[in-house]
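Descriptive analysis of the structure
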Amino acid sequence: MAADTVTTTEGHHPDPDVMRKTAMWAFLGSEVLFFGSLITTFLLYRTRIGDGPGPADIFDVPFTSISSFVLLMSSLTMVLAHHAAGRRDWRRMRVWLVATSLLGIVFLSGQAFEFTEFVHEGLTVSTSPFGSSFYLLTSFHGAHVAIGVLMLLATALMSWAGKLRPGEGMNVEAVGLYWHFVDIVWIVIFTVVYLLQV
Amino acid sequence: MSEATTNRRHPTPRDYWMIAGILFVITAVEVIVTYIDALDDVLAPILIVLSAAKFFLVVAWFMHLRFEAKRYRRLFLIGLVSAPILFGVVLLTFGVLIVD
């Protein structure tokens, strides 16, 4: 990208906020390819179940639907945090950030419960290519959610400590973009991995 | 903000709650159609369309992409367009479709 596309109207120095935002969107674009490769791997191996259980044997769609809804609602609380940051309503921003992280923790707890159930039903990471690709994909997504939760809590704590100054609203926006991305990846995973396979 | 954005009216919390309601309804419909045997033949296209609708609602409204400068849209679209093409070719090479 040409350097002049990220300059301010006041001068020729790049605006740090624009640079950060551009970097975040570029990162998310690359993450699309990353998760695309994991989803493709799952699609290649989903029918190779060996002696282990297949998707229709173990997936609990109503349960995962609730988890999906929890993650979707965390995008709502995240965008409300971002809106509050834009209005410099820091107290409300922190409330929504913590709410978002709690919803993320609920989602992760659901995923941990689901994995435990699957292991009890005989699907481990080494049971079959289906098991390996399923755990690889969903674990990487879970790791992204966990990192997002840490980012949310760190942002809320920084604000509490007075280290998030008014001009640093971009921090909230960057965390928000990452969080929404994690949500849209799950929208795809929920459809392709769960709904279309049962 | 010093950069150019679109002239669209920026959403309010009321808009966000409305989008969340729509996302809830779409998710409920997704789950319901999965259990309707009569829709088995058209289940995949229905689910893909509903999933795409949710995806674009979140990207456009919650990630604000419809209100952002074009360069952000381009950056994200590079991944969004190239991923299905690249991995679609891989899947077709192996003779694999999303549903059998």
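Residues numbered from 1 in each chain as written. Chains lettered and ligands numbered in written order. Predicted model: local features only at pLDDT ≥ 70, side-chain atom pairs only at ≥ 80, totals over all residues.

**Quick word on the overall build of chain B**
Scanning chain B from N- to C-terminus turns up three helices and zero strands. Listed N to C, the secondary structure of chain B is α-α-α in terms of helices and strands. Residue burial in chain B is summarised as follows: out of 100 residues, 21% are buried. Intrachain contacts of chain B at a sequence separation of at least 6 include 61% that bridge at least 24 residues. (Helix = DSSP H or I, 4+ residues; strand = E, 2+ residues; numbered from the N terminus. Buried ≥ 20, exposed ≤ 12 C-beta atoms within 10 Å, placed from the backbone. Contact = placed C-beta atoms within 7 Å.)

**A word on the overall build of chain A**
Each helix and strand in chain A was counted, giving six helices and zero strands. Counting from the amino terminus, chain A carries its helices and strands in the arrangement α-α-α-α-α-α. Projecting the C-alpha coordinates of chain A onto the three principal axes gives extents of approximately 65 × 40 × 20 Å. The 198 residues of chain A split such that 43% are buried.

**Some remarks on the interface of chain B and chain A**
Between chain B and chain A, the contact holds 37 residues from the first and 41 residues from the second. For the side of chain B that touches chain A, the elements supplying multiple residues, two or more each, are helix H1 (13-34), helix H2 (43-62) and helix H3 (70-93) of chain B. If you tally residues by element for the side of chain B that touches chain A, the top one is H3 of chain B, at 12 residues. For the side of chain B that touches chain A, the residue count by class is 27 nonpolar, six polar and four charged. (Nonpolar A, V, L, I, M, F, W, Y, C, P; charged D, E, K, R; others polar.)

**Re the packing of helix H3 (residues 61-86) of chain A against helix H4 (residues 90-120) of chain A**
Residues and elements named next belong to chain A. Packing of H3 against H4 leaves a shortest axis separation of 8 Å and a crossing angle of 165 degrees. Comparing their axes, H4 and H3 come out roughly antiparallel. By crossing handedness, the relation of H3 to H4 is classed as left-handed. For the contact of H3 with H4, the per-class residue count stands at 16 nonpolar, eight polar and two charged. (Axes fitted to C-alpha atoms, helices over the stretch in contact; angles between N-to-C directions. Parallel < 35°, antiparallel > 145°, perpendicular 65-115°, else oblique. Left-handed = near helix turned anticlockwise from the far one by under 90°.)

**Structural notes on helix H5 (residues 129-160) of chain A**
Taking 1.5 Å of rise per residue, the 32 residues of H5 of chain A would be expected to cover 46 Å, and the 46 Å separating its terminal C-alpha atoms lies within 8% of that figure. Downstream of H5 of chain A by a residue or two, Gly162 of chain A has a phi angle that is positive, lying close to 75 degrees. (Expected span 1.5 Å × (residues − 1).)

**Description of the nonpolar core**
It is characteristic of soluble globular proteins that their nonpolar side chains tend to be buried jointly. In this structure, Ala81 and Val193 of chain A are the most contacted members of the largest nonpolar core, which totals 62 residues. Every element with two or more residues in this core is listed here: helix H1 (16-45), H3, H4, H5 and helix H6 (169-195) of chain A together with H1, H2 and H3 of chain B. Top contributing element to this core by residue count: H6 of chain A, with 17 residues. Setting aside chain neighbours within four positions, we find Val193 of chain A in contact with Phe42, Phe134 and Leu137 of chain A. (Core = buried A, V, L, I, M, F, W, Y, C linked by C-beta atoms within 7 Å.)

**A few points about the environment of Phe76 of chain B**
Position of Phe76 of chain B relative to the elements: it lies in helix H3. Each C-alpha atom of the pair Phe76 of chain B and Val58 of chain B lies 14 Å from the other, and the pair is 18 residues apart in sequence. In this view, Phe76 of chain B contacts Trp25, Leu28 and Gly29 of chain A together with Leu65 of chain B; residues no more than four positions away in its chain are not counted.

**A short note on the confidence of the model for chain A**
For chain A, mean pLDDT is 89; residues scoring 70 or higher make up 91% of the total. Taking the mean pLDDT of every element in chain A, the minimum, 89, falls on H1 of chain A and the maximum, 96, on H4 of chain A. (pLDDT = per-residue confidence, 0-100.)

**Description of the packing of H1 of chain B against H2 of chain B**
Residue and element names in this part refer to chain B. Across the interface, H1 lies against H2 with an axial gap of 10 Å and an inter-helix angle of 165 degrees. For the element pair H1 / H2, the angle class is roughly antiparallel. Seen from above, H1 lies across H2 with left-handed handedness. Here Ile19, Ile22, Leu23, Ile26, Val29, Glu30, Val33 and Thr34 of H1 come into contact with H2, specifically with Leu43, Ile46, Leu47, Leu50, Ala53, Lys54, Leu57 and Trp61. Of the residues that constitute the contact of H1 with H2, the class distribution is 13 nonpolar, one polar and two charged.

**Things to note about H4 of chain A**
Residue and element names in this part refer to chain A. Given a rise of 1.5 Å per residue, 31 residues ought to cover 45 Å, and the 45 Å separating the end C-alpha atoms of H4 matches this to within 8%. For H4, the set of buried residues is Met93, Arg94, Trp96, Leu97, Thr100, Ser101, Leu103, Gly104, Phe107 and Phe118. Immediately downstream of H4, the backbone of Gly122 shows phi near 105 degrees, a positive value.

**Considerations on the confidence of the model for chain B**
Residue and element names in this part refer to chain B. For chain B, per-residue confidence averages 84 on the pLDDT scale, and residues scoring 70 or more make up 88% of the total. Mean pLDDT per element in chain B: H3 is the minimum at 85, and H1 is the maximum at 92. Predicted complex metrics record ipTM = 0.82 and pTM = 0.87.

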